[in-house]
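Each chain is listed here by its residues.
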Amino acid sequence: MNGEPLRIGTRSSPLALWQATWVAQELKNSGQPVEIVHVSTTGDVTSGPLGEIGGQGLFTKEIQAALIDNRVDIAVHSLKDLPTEPTAGLALAAVPIREACGDVLVSRGGFHSDTLPHGAVIGTGSVRRRAQLLHVRPDLDIRDIRGNVETRLRKMDEGEYEAIVLAEAGLRRLEMAERIVHVMDKRIMLPAVGQGALGIEVRERDQRTRQAVSVLHHPDSYHCVQAERKLLAELRGGCLAPVGAWGRIEVERNLLHLDGIVISGDGVQKISAYACGPPEKAEEIGRQVASQLIIQGAQRIISYARNTGGRG
Ligand SMILES: NCc1[nH]cc(CCC(=O)O)c1CC(=O)O
């Protein structure tokens, strides 16, 4: 503990800064001096549709590079943006307690997903959200939207979209929960793998930092995202794949429940699977759900989505 302040690397978006500041405060409360270092990423400076500007790790690569180059000691990621493939020399050292992990609908007219007017224009850049919306409302006109949470809300307020879909966690952290019109039912909208959770990454061999960030670790949250991430890794999905997952702990019986779906971009083909077991078996549960999805044809849907830029 103590010694030189640990350097926390973060993107500069308001949400990323909120997350880094939260981590900084928790570490300070534990007696660990820290400082925040801003790192800009390709995902922040590019405005093309995410599905087209190339691959995963858009928001995380540069921060990982800063970690490897010893410019920062701690990377704070939104776990859903962090690829499941391990990065040589780095380790996911802690997963703090998870915020609400679902998706919410924010609409100008106070509409829910089932009361939106016929053909309404909905903004989302995520193939997972697009496909699940189309599955229940094939009439909706779903259009791409980019930018941080504030930018998207402004574009909707200005009339470009009737409604947008956002992560509940982001709105809560930015103290904009009053904008939530409708928390979407998980049976309709399964979240992205890792949504609502943070991932604290460090250099694998940096024992001092590993020890310092261990105060942030929340085992139940970790087991849930571990199951979700294993599911995605087994599907070779990547964070832009049309995959949804929801792991949660049932405290009374100490069971981890995991739902997973793979859905075609047009929302027509939707396959789902479920498994449960002890939280310590998280990865095995993730593998089980993945293999049930694969038996039902997940691979074909995922490679089709990949070949069509995630928009098939
Ligand atoms: N891809 C952007 C992103 N990464 C993490 C969040 C929200 C916070 C979280 O899921 O932890 C968001 C915004 C959104 O999807 O609405």
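Residues numbered from 1 in each chain as written. Predicted model: local features only at pLDDT ≥ 70, side-chain atom pairs only at ≥ 80, totals over all residues.

- Looking up the protein chain in an unreviewed UniProt entry gives the name Porphobilinogen deaminase, with the organism given as Blastopirellula marina.
- Of the comments in the UniProt record for the protein chain, the one headed Catalytic activity (unreviewed entry) reads "4 porphobilinogen + H2O = hydroxymethylbilane + 4 NH4(+)".
- A UniProt comment under Subunit (unreviewed entry) is attached to the protein chain, and it reads "Monomer." (UniProt positions renumbered as here; feature names shortened; annotations may be inferred.)

Re the sheet that holds strand β11 (residues 243–250)
Adjacent strands of a sheet pair through backbone hydrogen bonds, lying either parallel or antiparallel.
Part 1 of the argument: Taken in spatial order, the three strands of this open sheet run β11-β12-β13, and their pairing is antiparallel. Where the open sheet ends on each side, the last strands, each with one partner, are β11 and β13 (270–277). The sheet shows a mean angle of 10 degrees between the axes of neighbouring strands, taken without regard to direction.
Part 2 of the argument: Where β11 meets strand β12 (residues 255–263), eight bridges bridge the pair, whose relative direction is antiparallel. From the neighbouring strand, A245 faces β12, where its bridge partner is G260. (Pairing = 2+ DSSP bridges. Helix = DSSP H or I, 4+ residues; strand = E, 2+ residues; numbered from the N terminus. Axes fitted to C-alpha atoms, helices over the stretch in contact; angles between N-to-C directions.)

Let's talk about the site of the ligand
Part 1 of the argument: Every residue near the ligand is listed here: S78, K80, D81, V149, L166, A167, A169, G170, Q195 and G196.
Part 2 of the argument: Contributions of two or more residues to the shell around the ligand are made by β8 (163–167) and α6 (168–173).
Part 3 of the argument: Looking at the shell around the ligand, its residues break down into four nonpolar, four polar and two charged.
Part 4 of the argument: Counting contributing residues, the shell around the ligand receives three or more from each of domain 1 (6–96 + 197–217) and domain 2 (103–183). (Near = placed C-beta within 6 Å. Nonpolar A, V, L, I, M, F, W, Y, C, P; charged D, E, K, R; others polar. Domains from an automatic or database assignment.)

Quick notes on the environment of R137
Part 1 of the argument: Mapped onto the elements of the fold, R137 is located in the loop between α4 (127–136) and β7 (141–143).
Part 2 of the argument: Sequence spacing of R137 and G119 is 18 residues, and the spatial spacing of their C-alpha atoms is 8.9 Å.
Part 3 of the argument: Setting aside residues no more than four positions away along its own chain, R137 makes contact with S113 and L116. (Contact = placed C-beta atoms within 7 Å.)

A look at the sheet that holds β7
Part 1 of the argument: On the basis of which strands lie adjacent, the open sheet formed by five strands has the order β7-β6-β8-β5-β9 and mixed pairing. Strands with a single pairing partner mark the edges of an open sheet, and in this sheet they are β7 and β9 (182–183).
Part 2 of the argument: By the bridge criterion, five bridges tie strand β5 (residues 103–107) to β8 in an arrangement that is antiparallel. When the bridges of β8 are listed, D103 appears paired with A167.
Part 3 of the argument: The sheet strands contacting α4 are β5, β6 (121–123), β7 and β8, and the helix crosses β7 at an angle near 175 degrees.

Remarks on the pairing of β13
Part 1 of the argument: With eight bridges connecting them, β12 and β13 associate as antiparallel partners. Each bridged residue has a counterpart across the sheet, and for D259 the counterpart in β13 is Y274.

Some remarks on the nonpolar core
Part 1 of the argument: Counting residues in each nonpolar core, the largest one holds 81 residues, and the members touching the most others are I74, I164, I200, L231, L235 and V262.
Part 2 of the argument: Setting aside residues up to four positions removed in sequence, I74 forms contacts with L6, R7, I8, G9, I200, V202, T209 and V213. (Core = buried A, V, L, I, M, F, W, Y, C linked by C-beta atoms within 7 Å. Buried ≥ 20, exposed ≤ 12 C-beta atoms within 10 Å, placed from the backbone.)

A few points about the packing of helix α8 (residues 219–234) against helix α9 (residues 282–295)
Relative placement of two packed helices is described by the angle separating their axes and the distance separating the axes.
Part 1 of the argument: Where α8 meets α9, the axes come as close as 7 Å, and the angle between the chain directions of the two elements is 40 degrees. Between α8 and α9, the crossing angle belongs to the class labelled oblique. With respect to the hand of their crossing, α8 and α9 are arranged in right-handed fashion. Residues H223, Q226, A227, E228, K230, L231 and E234 of α8 form the contact with α9, whose own contacting residues are A282, E283, I285, G286, R287, V289 and A290.
Part 2 of the argument: Grouping the constituent residues of the contact of α8 with α9 by class yields six nonpolar, three polar and five charged. (Parallel < 35°, antiparallel > 145°, perpendicular 65-115°, else oblique. Left-handed = near helix turned anticlockwise from the far one by under 90°.)

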